[in-house]
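# Chain and residue survey
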Amino acid sequence: DAMVIQNPRYQVTQFGKPVTLSCSQTLNHNVMYWYQQKSSQAPKLLFHYYDKDFNNEADTPDNFQSRRPNTSFCFLDIRSPGLGDAAMYLCATSRTSGRQNTEAFFGQGTRLTVV
Amino acid sequence: AQSVTQLDSQVPVFEEAPVELRCNYSSSVSVYLFWYVQYPNQGLQLLLKYLSGSTLVESINGFEAEFNKSQTSFHLRKPSVHISDTAEYFCAVYSQGGSEKLVFGKGTKLTVNP
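From a predicted model like this one, the values you see are computed outputs, not experimental measurements.

## What to know about the environment of Thr5(B)
Residues and elements named next belong to chain B.
- Mapped onto the elements, threonine 5 comes out in strand S1 (residues 3-5).
- For the pair threonine 5 and tyrosine 25, spaced 20 residues apart in sequence, the C-alpha separation works out to 6.0 Å.
- Not counting chain neighbours up to four residues away, the residues in contact with threonine 5 comprise Arg22, Cys23 and Asn24.

Okay, structure coming up:
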């Protein structure tokens with residue numbers, strides 16, 4: 001039944017060691033988002049894909065990259081994780097068609113720990 | 001650009017008491033509005049949404065929210081809360097016909113005490 005699936009749920013990585021988080025969806029939505037959420041804070045949008053078009057937020061560090069090889073999958077790559085990158089990473093999808101937006105559907109998140 | 005303000009970062013209440021979580025937004029165009037709930041170590045779950053039509057929207061677990069265009073508000077209410085309603089609640093907004101970006105408020109931590 002899960003429609004937006006994030007793997008893994010928990011990820012431990014070493015300081016400076018590249019890590020990739022994955023997200024897949026069965027909804028065939030054209031928009032996919034990556035949010036970073038630190039403890040007791042609101043989700044912060046890092047970037048999103050509108051179809052194949054990549055949209056980076058102005059304040060997203062270069063250390064964060066993303067790939068969307070097809071409609072169903074989207075990856076978050078952290079090239080050199082620092083201690084400050086420890087957070088919950090949330091993937092979400094929505095369908096946007098002209099002036100119509102659906103609500104965003106979220107995965108369960110990946111809790112990233114940097115040691 | 002749109003923005004969302006949730007004035008109350010924490011709201012403690014007793015079980016069976018009524019609660020209101022406040023949300024105000026700003027946007028130069030018409031909006032879609034949402035409330036999401038987040039339990040510890042979980043993703044966000046949609047609680048209810050306003051897209052168009054009736055300004056009062058309800059969820060299956062007794063929450064309701066009313067879109068008030070003149071006051072640019074979308075406050076969340078429940079007449080009688082349960083212990084299980086303890087969670088973080090986020091208000092969010094899309095601008096209609098504008099960016100597909102979903103913008104969140106800072107969240108309100110609702111704690112229901114016995």
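## Some points on the state of the cysteines
- Counted under the stated rule, the structure contains 2 disulfides over all chains.
- Residue Cys23(A) pairs covalently with Cys91(A) via a disulfide, S to S 1.9 Å. Between Cys23(A) and Cys91(A), the S-S dihedral sits near -75 degrees, and the bridge is therefore left-handed. Remark: Cys91(A) occurs in strand S9 (residues 87-94) and Cys23(A) occurs in strand S3 (residues 19-25); sequence separation between them is 68 residues.
- A residue is classified by how much of its surface remains accessible, and Cys23(A), at 1% relative accessible area, is buried.
- Overall, Cys91(A) belongs to the buried group, its relative accessible area being 0%.
- Between the sulfur atoms of Cys23(B) and its disulfide partner Cys91(B) the distance amounts to 1.9 Å. Across the disulfide from Cys23(B) to Cys91(B), rotation about the S-S bond amounts to roughly -65 degrees, and the bridge is consequently left-handed. On the criterion of sequence distance, the pair formed by Cys23(B) in the loop between strand S3 (19-21) and strand S4 (24-26) and Cys91(B) in strand S10 (residues 87-95) is long-range, its members being 68 residues apart.

The rules behind each value
Residues numbered from 1 in each chain as written. Chains lettered and ligands numbered in written order. Predicted model: local features only at pLDDT ≥ 70, side-chain atom pairs only at ≥ 80, totals over all residues. Heavy atoms only, no water. Helix = DSSP H or I, 4+ residues; strand = E, 2+ residues; numbered from the N terminus. Contact = heavy atoms within 4.5 Å. Disulfide = S-S within 2.5 Å. Buried < 20%, exposed > 50% of the residue type's maximum accessible area, 1.4 Å probe, protein only.

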